[in-house]
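Analysis of the macromolecular model
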Amino acid sequence: MARLGRRAALGLGAALALSACRGRRRLREERSLVLLHQPLWGDVAPFGALLDEFRRAHPDVRLVARAVPSASDVLHQYLLTTLEGGGEVDVFVADAIWVPEFARTGWIADVSAEFPERELRRDFVGAAADTVLFDGRTWALPWWTDVGVLYTRTDVTDPPHTFDGLVAAARRSRVGGYVFQGRQYEGLVCNAYEVIWGFGGATMDGARIVVDTKEAREALSFLASLVRDGVSPRAVTSAGEEECRRTFESGRAALMRNWPYAWAELQRTPLRGRVAMTAVPSRDGSAGHGCLGGWQLAMSARVPAWKRPFATALMRHLSSHAAQETLARVYGRPPSRRALYENPALPTLALLAPIIEHARPRPVSPWYPRVSDVLQGELSAIVSGIRAPHEALSRAQRQIDRLAGESA
Amino acid sequence: MTTRRAAIGFVAPALLAMAVVAAYPIVAAVWLSLHREILVFRDHRFVGFANWSFLLRDGRFWAALGHTTYFVLVAVAVELVLGLAFAMLLHGRARGRGMLRAAVLVPWAVPTVVSAKLWAWLYDPNHGLITHLLGVREVNLLGTPVIALHAAIVVDVWKTTPFVALVLLAGLQSIPEDVYRAARVDGAAPFQTFRAITLPLLLPTVAVAATFRALDAVRVFDAIFVLTDGGPANTTETLSIYAYKTMLRLGDFGYGATLSVATFLVALVIAGLGISAQRRASR
């Protein structure tokens, strides 16, 4: 009996200690602000300093910064489970294409009061502002922006401005042709839209996402012909950004479609000074429309009222002029604030400014991830020569219309 | 009566554990497959067999089922043949047998994600060893339909042949030595011995190995996820990859559960076939 009593007392004590711990932890977490962000490659100190500045200015709240996967679809899946499951997150990064989806799902807070549309239109580049506005409300704050660009080996050829020029330059080249991202993934959709826009194709017809158009059929026949006729190596049908960059860096391609991050990387190779970064080509030679990417700072809809000012302040701080300058200078991330493109200390941005002004977003729709899943399969079929463009596009359009019908 | 009650008492914890870890998830998945549960649409409602009737009309499902079946048949057949060869080799009295047995297990011990990434590099069209050895620079193994699925089969065979070899080795060692001695006395040639003694006596073990491997191969995910992610043009998309994309990338939990249950049913059929094959082999 005595032994039993002691054991019970021990158990009770343990339970009490545990609940006390839990109570303390809950208290601490209530005063904390959780930020999810991707790791920024390179020196971690400047970004750490940015976070420390916020900590000094807001001693009442404990900022917890957590690194999350940088691959867009992996992160999407992570956020899906975290946000739906009520996981611990206050401010997080969101890809350009997720804002309408997350807004509709009710996972992110409407921040129109803190960041009114007028202010966004005034301070941020047009395409970046478009990304965070949906249904006339503001759902996030643009952080850094991204756009598809064309890289050319200037010791081999001049940068082409038309699709015909691109083909001619690749054929003349003695170091290999044109590499782009043709693997079945989100990057292929970006590449395809750039060619479709270059042929004058549209993305939306009112609220309907259109892909089976005359221009798209021509554009994708052209994209398929690049692989079929050897202008692009067969390797592109399984290539993502990094595969392309390695091919280009090792001197096996004269032309490459990629994002601006590759520019910073190329400056560290022997190709430095022999590469040009220009707008993607078009059919008629006018400045092509690069696909808009980039990341936004969003606030979880579960953020309680007392914490909201802190979350807003964090978003404002990380997306400030000074912070974006650090991101551009140290990490090569193109800013979303207009003013930075006029900064003479950042010469690369002068190259990017006109390209970003012409950038176009992928279809803005809450169903975009589902639409993209359909497109990835059909576009991959076109690039790898399994299906003719008109057939693949009509299949894609049927599936997309079915998705839209479901949503109605 | 007392022994019976005691028996129930002893079995109960195991039954409870089975109910919690096996039965409950299966029932929950079946229940979920009768719902329309799409996060983006904020849609949760009971739809009966709507997901199932869509499944029957879904070309992508049938294609995935085809890829999975082909993958299982080819991969398991090759693994059995190679595994048997390795098992015979390890069973023999060669010098350094212990070392060899350990070495054979290496591919099995490496996590699939790591080995698949390794193979992705070997298949790389520009820098890959395999493309280099084949002397075909303009062939992109992972980017070409039909070939890509076989490239994934090669990875699976490389990884799991050691497992098959080990199971078969155990089977070989359980064949009594005196049967072989009798065969030697009768003057049987080595191949005759193999045909008439080894193979028939090993058949039950082969059936076990084949069942285990087929059940494992039917839900193949990691190797393909790393190598191709289902591409090009969904030609390497298996049931698990399709279910994963539907559920976790698109947030369609109802239809994703339907695909998972369908995969489960396929595995159930294979298990049934495996058990009946085993019974026949041991008779």
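Residues numbered from 1 in each chain as written. Chains lettered and ligands numbered in written order. Predicted model: local features only at pLDDT ≥ 70, side-chain atom pairs only at ≥ 80, totals over all residues. Heavy atoms only, no water.

Side note on the overall build of chain A
Looking only at helices and strands, chain A features 16 helices and 13 strands. By its C-alpha atoms, chain A is 90 × 50 × 50 Å across when sized along the principal axes. Burial status across chain A gives 56% buried among its 408 residues. For chain A, the share of sequence-separated contacts (at least 6 apart) that also reach a separation of at least 24 residues comes to 74%. As displayed, chain A has an accessible area near 17,100 Å², and 54% of this comes from carbon and sulfur atoms. (Helix = DSSP H or I, 4+ residues; strand = E, 2+ residues; numbered from the N terminus. Buried < 20%, exposed > 50% of the residue type's maximum accessible area, 1.4 Å probe, protein only. Contact = heavy atoms within 4.5 Å. Areas by Shrake-Rupley, 256 points an atom, 1.4 Å probe, with all protein chains shown as cover.)

Comments concerning the overall build of chain B
Of the regular secondary structure elements, chain B holds 13 helices and two strands. Among the 283 residues that make up chain B, the fraction classed as buried is 45%. Here the analysis covers contacts within chain B between residues at least 6 apart in sequence; of these, 68% occur between residues at least 24 apart. Working note: accessible area of chain B is about 14,900 Å², and carbon and sulfur atoms make up 72% of it.

Some thoughts on the sheet that holds strand β7 (residues 149-153) of chain A
All names here are of chain A. Pairing is mixed in the open sheet, where four strands are placed in the order β8-β11-β7-β12. Of all the strands in the sheet, the pair left with one neighbour each is β8 (178-179) and β12 (275-278). The sheet contact formed by β7 and strand β11 (residues 255-258) spans four bridges and is antiparallel. Across the sheet, the residue bridging to Tyr151 is Met256, located in β11. (Pairing = 2+ DSSP bridges.)

Observations regarding the interface of chain A and chain B
Contacts between the two partners involve 36 residues from chain A, matched on the other side by 37 residues from chain B. Across the chain A to chain B interface the summed buried area is about 3,100 Å²; carbon plus sulfur atoms make up 50%. Note that A:Asp373 is salt-bridged to B:Arg60, the shortest N-O span being 3.0 Å. Where chain A touches chain B, the interface holds ten residue pairs in polar contact (both at pLDDT 80 or more). Those elements that provide at least two residues to the side of chain A that touches chain B are α3 (72-84), α4 (99-105), α10 (241-249), α15 (368-383) and α16 (389-407) of chain A. (Buried area = accessible area lost by both parts, 1.4 Å probe. Salt bridge = Lys/Arg side-chain N within 4 Å of Asp/Glu carboxyl O. Polar contact = N/O pair within 3.5 Å; in protein donor to acceptor, adjacent residues only side chain to side chain.)

Section: the environment of A:Gly332
Within the secondary structure layout, A:Gly332 lies in the loop between α13 (321-331) and α14 (347-357). Residues A:Gly332 and A:Pro270 lie 62 residues apart in sequence; the distance between their C-alpha atoms is 19 Å.

With respect to unusual backbone geometry
All names here are of chain B. Residue Pro232 is reached from Gly231 by a cis peptide bond, and omega for that bond is -10°. Among the structural elements, Pro232 can be located in the loop between α11 (222-227) and α12 (239-249). Its identity is not glycine, yet Val146 carries a phi of approximately 70°, on the positive side. At Asp229, a residue that is not glycine, the phi angle is positive and equals roughly 55°. Checked against the element boundaries, Asp229 lands in the loop between α11 and α12. In this structure Asp229 comes out as buried when scored by relative accessible area, which is 7%.

Side note on the sheet that holds strand β2 (residues 62-67) of chain A
Residue and element names in this part refer to chain A. The mixed open sheet is built from five strands, whose spatial order is β2-β1-β3-β13-β6. Each edge of the sheet is formed by a strand with only one pairing partner; in this case those strands are β2 and β6 (141-147). Strand-to-strand, the axes of this sheet are offset by a mean angle of 20°, without reference to chain direction. Judged from the two bridges that link them, strand β1 (residues 32-37) and strand β3 (residues 91-95) form a sheet pairing that is parallel. Looking across to β3, one finds that Leu35 is bridged to Val91. Running over the sheet, helix α2 (residues 45-57) touches β1, β2 and β6 and is turned about 155° from β2. (Axes fitted to C-alpha atoms, helices over the stretch in contact; angles between N-to-C directions.)

A short note on the pairing of β7(A)
Residues and elements named next belong to chain A. Most of β7 is tucked away, with five of its five residues classed as buried. Burial along β7 is two-sided: the residues Val149, Tyr151 and Arg153 and Leu150 and Thr152 are all buried. Alignment of β7 against β12, held across four bridges, turns out to be antiparallel. Looking across to β12, one finds that Thr152 is bridged to Ala276.

Observations concerning the side chain of A:Ser365
Residue and element names in this part refer to chain A. Relative to the helices and strands, Ser365 resides in the loop between α14 and α15. You can call Ser365 buried: its relative accessible area is 5%. Residues contacting Ser365, with those up to four places away along its chain left out, are Pro100 and Ile209.

Regarding the pattern of salt bridges
Two side chains with opposite charge may pair up if their charged atoms get near one another. All names here are of chain A. Summed over the entire model, instances satisfying the criterion amount to 36 salt bridges over all chains. With a closest N to O distance of 2.9 Å, Arg362 and Glu186 form a salt bridge. Residue Arg362 is located in the loop between α14 and α15, and its partner Glu186 is located in helix α8 (residues 186-198); the two are separated by 176 residues in the primary sequence. Under the relative-accessibility criterion, Arg362 is labelled buried at 6%. Residue Glu186 is classed as buried on the basis of its relative accessible area of 14%.

With respect to the domain arrangement of chain A
Residue and element names in this part refer to chain A. Its domain assignment divides chain A into domain 1 (31-146 + 293-356) and domain 2 (149-290 + 367-407). Taking only C-alpha atoms, the centre of domain 1 and the centre of domain 2 are 28 Å apart. Overall, the association of domain 1 and domain 2 removes approximately 1,100 Å² of surface from exposure, summing both partners, and the carbon and sulfur fraction of that is 75%. Interface area lost by domain 1 to domain 2 is led by Ile97, Asp146 and Ile355, which between them contribute 41%. (Domains from an automatic or database assignment.)

Brief notes about the confidence of the model for chain A
All names here are of chain A. Confidence in the prediction for chain A averages 89 pLDDT; 92% of positions are at 70 or higher. This model gives residues 1-5 a pLDDT under 50, and the stretch forms zero contacts once residues within four places in sequence are excluded. Segment residues 9-25: pLDDT under 50, and zero contacts once partners within four positions in sequence are set aside and those in other chains are kept. (pLDDT = per-residue confidence, 0-100.)

Describing α12(B)
With respect to burial, α12(B) is a largely interior element, ten of its eleven residues being buried. All buried positions along α12(B) are accounted for by B:Leu239, B:Ser240, B:Ile241, B:Tyr242, B:Ala243, B:Tyr244, B:Lys245, B:Thr246, B:Met247 and B:Arg249. Along its buried surface, α12(B) packs onto α3 and α15 of chain A together with α3 (59-91), α10 (190-218), α11 and α13 (253-282) of chain B. Looking one or two places after α12(B), you find B:Gly251, whose phi comes out positive at around 70°.

Describing the side chain of A:Lys307
Checked against the element boundaries, A:Lys307 lands in the loop between β13 (292-299) and α12 (308-318). A polar contact is formed between the side chain of A:Lys307 and the side chain of A:Asp90, at a distance of 3.0 Å.

Regarding a nonpolar patch on the surface
Residues and elements named next belong to chain B. A contiguous nonpolar surface patch, about 370 Å² in accessible area, is contributed by Ile26, Val30, Phe264, Leu265 and Leu268. Of all elements in the fold, only α1 (2-32) and α13 reach the threshold of two or more residues within the nonpolar patch. Considering each element in turn, the nonpolar patch owes the most residues, three residues, to α13. Counting through the fold element by element, Phe264 comes out in helix α13. (Patch = residues over 30% accessible without salt bridge, like charges linked within 9 Å, V, L, I, M, F, W, Y side chains within 5 Å.)

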